[in-house]
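Tertiary structure, described
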Amino acid sequence: FGIDAGLANTIIQDEALYKLVADACAKTNDPNTRKAIAAFIYDPIARFATQHNIAISKISLSASDIVTIYEDILRGKITHQLLKTRVADLLKGSVTLAQLYQEAKGNDSLDVESLIKTVALEYPKQINEYKAGNHKVYGFLVGQVMARSKGTADPKKVNELLKKRLDRYNSD
């Protein structure tokens, strides 16, 4: 699966876990997706199952569901951050895949521009530092926008829009 030997040895110790990983990895030809899928199935899925004394075979996600989720992360239909924050609810069955995708769709309409404006108003010192050539503050500004979105904004969109706004400041 393209994962390190330690993780592979752990996965093969549990027959149901190995079957889920093998079935999911068999559904994609991309080695990076396989590696990500194997890691995702192990942590947080297997960890959640162990902590809650749930058999892997009883997890509500199928191998196909897991592959679809990861391919959709790569396509930008859902963010990894949203998945990370909602995986326990998904595995417990308190949220369905359809609800998760609806939540992701709602996050698309999140007004990232207004969050960026708010951050710019709250952190004029960092904006001025950026304008003066200190690009180290960029990560801080991205973090502030993400924090205001409670981690649900698409990081690619945040980076794209923040970069455009900061470039506009530099041309002023």
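Presented here is an overview of the structure given in this document. (Residues numbered from 1 in each chain as written. Predicted model: local features only at pLDDT ≥ 70, side-chain atom pairs only at ≥ 80, totals over all residues. Heavy atoms only, no water.)

Right, let's talk about the overall build of the protein for a bit. Summing up its helical and strand segments, the protein has 10 helices and 0 strands in all. When the helices and strands of the protein are read in sequence order from the N terminus, they spell out α-α-α-α-α-α-α-α-α-α. For 172 residues, the compact-globule formula gives about 16 Å, and the C-alpha radius of gyration of the protein, at 20 Å, lies well above that figure. Counting only C-alpha atoms, the protein reaches 60 × 35 × 30 Å along its principal axes. Out of the 172 residues belonging to the protein, those deemed buried represent 38%. Sequence-distant contacts in the protein: of pairs separated by 6 or more residues, those separated by 24 or more amount to 61%. Per element, the accessible surface of the protein, about 9,800 Å² overall, is 51% carbon and sulfur. Looking at the protein, you have 24 positive and 20 negative side-chain charges, and the mean spots of the two groups are 3 Å apart. (Helix = DSSP H or I, 4+ residues; strand = E, 2+ residues; numbered from the N terminus. Rg over C-alpha atoms; globule rule 2.2 N^0.38 Å. Buried < 20%, exposed > 50% of the residue type's maximum accessible area, 1.4 Å probe, protein only. Contact = heavy atoms within 4.5 Å. Areas by Shrake-Rupley, 256 points an atom, 1.4 Å probe, with all protein chains shown as cover. Lys, Arg positive; Asp, Glu negative; His and termini not counted. Charge placed at Lys NZ, Arg CZ, Asp CG, Glu CD.)

Along its 13 residues, helix 5 (residues 80-92) runs 19 Å from first to last C-alpha, staying within 8% of the 18 Å computed at 1.5 Å per residue. Along helix 5, the helix axis deviates most sharply at arginine 86, where the bend reaches about 55 degrees. Turning to helix 5, its buried residues number three or more, namely Leu82, Leu83, Val87, Leu90 and Leu91. One or two residues past the end of helix 5 sits glycine 93, with phi positive at roughly 85 degrees. (Expected span 1.5 Å × (residues − 1). Bend = angle between axes of the 7 residues up to and from the residue.)

Under the criterion given, the structure shown has 11 salt bridges. Taking the shortest distance from any N to any O, the salt bridge between arginine 148 and glutamate 122 comes out at 2.3 Å. Taken together, the residues span a long stretch of sequence, with arginine 148 in helix 9 (residues 137-148) and glutamate 122 in helix 7 (residues 112-122) at a distance of 26 residues. The partner of lysine 163 in a salt bridge is aspartate 167, and the shortest N-O contact between them spans 3.3 Å. Of this pair, lysine 163 and aspartate 167 are both found in helix 10 (residues 155-171), 4 residues apart, which corresponds to roughly one turn of the helix. With relative accessibility at 37%, the residue aspartate 167 sits in the partly exposed group. Residues joined in a network through salt bridges with shared partners are Arg86, Asp89, Lys92 and Glu103. (Salt bridge = Lys/Arg side-chain N within 4 Å of Asp/Glu carboxyl O.)

Another point: unusual backbone geometry. At asparagine 53, a position not held by glycine, the phi torsion is positive, near 55 degrees. Take asparagine 53: it is sitting in the loop between helix 3 (31-51) and helix 4 (63-75). Residue asparagine 53 is classed as exposed on the basis of its relative accessible area, which comes to 75%.

Interhelical geometry of helix 2 (residues 15-26) versus helix 4 gives an angle of 50 degrees and a closest axis separation of 8 Å. By the criterion of interaxial angle, the relationship of helix 2 to helix 4 is oblique. Between helix 2 and helix 4 lies a crossing of right-handed hand. Contacts between helix 2 and helix 4 involve Leu20, Asp23 and Ala24 from the former and Ala63, Ile66 and Val67 from the latter. Residue classes in the contact of helix 2 with helix 4 are distributed as 5 nonpolar, no polar and 1 charged. (Axes fitted to C-alpha atoms, helices over the stretch in contact; angles between N-to-C directions. Parallel < 35°, antiparallel > 145°, perpendicular 65-115°, else oblique. Left-handed = near helix turned anticlockwise from the far one by under 90°. Nonpolar A, V, L, I, M, F, W, Y, C, P; charged D, E, K, R; others polar.)

In short, geometric facts, not functional conclusions.
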